Amino acid sequence: VSFLPLMAMDLGLVIYFWYLVARTRKAMRDEYDIPQIHCKCGCAAEDACMAVFCSACTLSQMGRHTADYTTYRSMCCTDTGLPNHVEVKLPSDPMNEMV
């Protein structure tokens, strides 16, 4: 029995996971105006490197940046990762715009 198709599918899923983490990190940096530190070229190389070589750190950093876990406990299986009674407002939300 050849495991080559299964290994190829696993590799494809890992690469797709890295791609999603890098795109999410770039979107968050754009949303919150966070500059790149190591790669000044304006490309997504820094996001890709962080996704590939430090996925766990990248995911925890994004989680800490988007919620105040010292005030609210994190909750599993909710849309925001916070308790349902916590109102979450995103920076791009039109309700947050100054009139």
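Residues numbered from 1 in each chain as written. Predicted model: local features only at pLDDT ≥ 70, side-chain atom pairs only at ≥ 80, totals over all residues. Heavy atoms only, no water.

(A) Inspection of the pattern of salt bridges at higher detail. Summed over the entire model, instances satisfying the criterion amount to four salt bridges. For Arg-25, the salt bridge is made with Glu-46, and the minimal N-O distance between the two is 3.8 Å. A residue pair is termed long-range when its members are at least 10 positions apart, and Arg-25 in helix α1 (residues 4-31) and Glu-46 in helix α2 (residues 45-53) qualify at 21 residues. In this structure, Arg-25 and Glu-46 share a single accessibility class: buried. For Asp-47, the salt bridge goes to Arg-29, with nearest N and O atoms at 2.9 Å. In this pair, Asp-47 sits in helix α2 while Arg-29 sits in helix α1, placing the two residues 18 residues apart along the sequence. Residue Asp-47 is classed as buried on the basis of its relative accessible area, which comes to 0%. Here the residues in one salt-bridge network are Arg-25, Arg-29, Glu-46 and Asp-47, joined through shared partners. (Salt bridge = Lys/Arg side-chain N within 4 Å of Asp/Glu carboxyl O. Helix = DSSP H or I, 4+ residues; strand = E, 2+ residues; numbered from the N terminus. Buried < 20%, exposed > 50% of the residue type's maximum accessible area, 1.4 Å probe, protein only.)

(B) How the structure looks around a nonpolar patch on the surface. A cluster of nonpolar side chains, namely Phe-3, Leu-4, Leu-6, Met-7, Met-9 and Leu-13, defines an oily patch on the protein surface of about 680 Å² accessible area. Relative to the helices and strands, Phe-3 is located in the segment before α1. We classify Phe-3 as exposed; its relative accessible area is 55%. (Patch = residues over 30% accessible without salt bridge, like charges linked within 9 Å, V, L, I, M, F, W, Y side chains within 5 Å. Areas by Shrake-Rupley, 256 points an atom, 1.4 Å probe, with all protein chains shown as cover.)

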